[in-house]
Amino acid sequence: MGRFDPHVHTTLSNLRILDSINSPEALIDKAIEIGLSGIAITDHEALCAHAKCNFYSEKYPDFTVALGNEIYLTDTRDKGQKYYHFILIAKDAIGHKALRKLSSTAWYNAYTDRGMERVPTTKAELKTIMQDYKGHVIATTACMGGELSTMAYSLFCEQEKGNLSEAEKYRKQINNFMSYCLEIFGSDFYIECAPSTAKDQCIVNNQLYN
């Protein structure tokens, strides 16, 4: 069986920012061409590619298309903050209902910050909504834009500089974040380590492994 990629984007990620040039159909074709067993569609706070991907993938019954969302997970909706990435993937139709409810909440509360429309999901909202859907949604920590990877890189930098008190602050934030995710998702929570030769990503991957 080929590798399953849980984090991919289509042109429907381009609702607010230019993110991907892959049409849903071309993305599926390419994934099959390179031998993947399946992919998860995780556009940036956008579920609108799901119907097209489901319809097109019917041509390939042995290929799995999972439906997900890369949300922006924050503590508040204050302006000027960092909007951390976080991946959610529906395990079934019930899980997809959770994605729709979370996405609707994010868009209903959208606002403009630094010249861009922002659609975050607060941690409190994610925790509250997921109470009714535990066991139906997979979560991963996402890319370098996620809170875990960001804090892991900051921890490394402070340790390298010998700033042990600052390093401890990031360590505590990592522990709090991990506890939060495990409380909500349990065994459906995963850490993303992206294959890369980029220096920063390699540093983060090593931090996450350790």
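As shown above, the structure is provided for reference.
For clarity, every value in this text was computed on a predicted model and none was experimentally measured.

K.L.:
Account for the packing of aromatic side chains, with residues named and values stated.
P.N.:
Under the counting rule described, the total for this entry stands at three aromatic pairs. Plain terms: the ring middles of Phe 86 and Phe 177 are 6.1 Å apart, the flat faces sit at 85° to each other, and that makes the pair edge-to-face. Within this pair, whereas Phe 86 is found in strand E4 (residues 84-90), its partner Phe 177 is found in helix H6 (residues 164-185), the two being separated by 91 residues in sequence. Here Phe 177 falls in the buried class, since its relative accessible area comes to 4%. Chaining the aromatic ring pairs together yields one cluster made of Phe 86, Phe 177 and Phe 185. Stacked on the ring of Tyr 180, the Lys or Arg Lys 123 has its end atom at 5.8 Å from the ring centre.

K.L.:
Give a description of the pairing of strand E8 (residues 137-140) that names residues and reports values.
P.N.:
Residues in a regular strand point their side chains to alternate faces of the sheet. As paired strands, E4 and E8 are joined by four bridges and run antiparallel to one another. The residue of E8 that forms the bridge with Ile 89 is Ile 138. With two bridges joining them, E8 and strand E9 (residues 189-190) adopt parallel strand pairing. Bridge assignment links Thr 140 to a residue of E9, and that residue is Tyr 190.

K.L.:
Lay out helix H3 (residues 93-108) with the relevant residues and their values.
P.N.:
Residue pairs spaced three or four apart in an α-helix point in one direction, given the helix's 3.6 residues per turn. Look at H3: 22 Å from first C-alpha to last across 16 residues, which is about the 22 Å you get at 1.5 Å a residue. Inspection of H3 places Gly 95, His 96, Ala 98, Leu 99, Leu 102, Ser 103 and Ala 106 among the buried residues, and these make up the whole buried set. One side of H3 carries all its buried residues, which in axial view fall inside an arc of 150°. Exposed side of H3, more than 90 degrees from the buried face: Ala 93 and Tyr 108 are the residues found there. Summarising the contacts, the buried residues of H3 are in contact with helix H2 (50-57), strand E3 (64-74), E4, strand E7 (121-122), helix H4 (123-130) and E8. One side-chain oxygen of the residue at the start of H3 lies 3.2 Å from the amide nitrogen of Ile 94, identifying that residue as Asp 92.

K.L.:
Pulling in residues and values, what's your account of the environment of Tyr 72?
P.N.:
Tracing the backbone shows Tyr 72 in strand E3. Here Tyr 72 falls in the buried class, since its relative accessible area comes to 8%. Distance from Tyr 72 to His 44, taken between C-alpha atoms, is 8.2 Å for residues 28 residues apart in sequence. Among the polar contacts made by the side chain of Tyr 72, one reaches the side chain of His 44 at a distance of 3.3 Å.

K.L.:
How would you explain unusual backbone geometry if you had to name every residue and give the values?
P.N.:
A positive phi angle is found at Glu 45, which is not glycine, with a value near 40°. With respect to the helices and strands, Glu 45 occurs in the loop between strand E2 (38-41) and H2. Even without being a glycine, Arg 114 presents a positive backbone phi close to 55°. Inspection of the secondary structure puts Arg 114 in the loop between strand E5 (111-113) and strand E6 (116-118).

K.L.:
Summarise the pattern of salt bridges; cite the residues concerned and give the values.
P.N.:
All chains considered together, the criterion is met by eleven salt bridges. With a shortest N-O distance of 2.9 Å, Glu 147 and Lys 123 are connected by a salt bridge. Of this pair, Glu 147 sits in helix H5 (residues 147-161) while Lys 123 sits in helix H4; the two residues are 24 residues apart in sequence, bridging distant segments of the chain. Taking relative accessible area as the criterion, Lys 123 reaches 14% and is therefore assigned buried. Of the charged contacts, one joins Glu 166 and Lys 169 as a salt bridge, the two residues approaching to 3.3 Å between their closest N and O atoms. Highlighted residues: Glu 166 and Lys 169, both in helix H6, separated by three residues, approximately one helical turn. Accessibility expressed as a relative area gives 28% for Glu 166, which makes it partly exposed. Connected via shared salt-bridge partners are Asp 75, Lys 123 and Glu 147.

K.L.:
Please set out the nonpolar core residue by residue, giving values where relevant.
P.N.:
Core analysis: the largest hydrophobic core is formed by 31 residues, its most contacted members being Phe 86, Leu 88, Leu 126, Met 130 and Phe 185. Listed by contribution, the elements that provide at least two residues to this core are E3, E4, H3, H4, E8, H5, H6 and helix H7 (199-209). Take this core: its biggest share by element is eight residues, from H6. Val 8, Ala 31, Leu 36 and Ile 41 belong to the second-largest nonpolar core, a separate cluster that totals 13 residues.

So, how was this worked out
Residues numbered from 1 in each chain as written. Predicted model: local features only at pLDDT ≥ 70, side-chain atom pairs only at ≥ 80, totals over all residues. Heavy atoms only, no water. Phe/Tyr/Trp six-rings, centres within 6.5 Å; stacked < 30°, edge-to-face > 60°. Helix = DSSP H or I, 4+ residues; strand = E, 2+ residues; numbered from the N terminus. Buried < 20%, exposed > 50% of the residue type's maximum accessible area, 1.4 Å probe, protein only. Lys NZ or Arg CZ within 6 Å of the ring centre and 35° of its normal. Pairing = 2+ DSSP bridges. Expected span 1.5 Å × (residues − 1). Arc of directions from axis to C-beta. Contact = heavy atoms within 4.5 Å. Polar contact = N/O pair within 3.5 Å; in protein donor to acceptor, adjacent residues only side chain to side chain. Salt bridge = Lys/Arg side-chain N within 4 Å of Asp/Glu carboxyl O. Core = buried A, V, L, I, M, F, W, Y, C linked by side-chain atoms within 4.5 Å.

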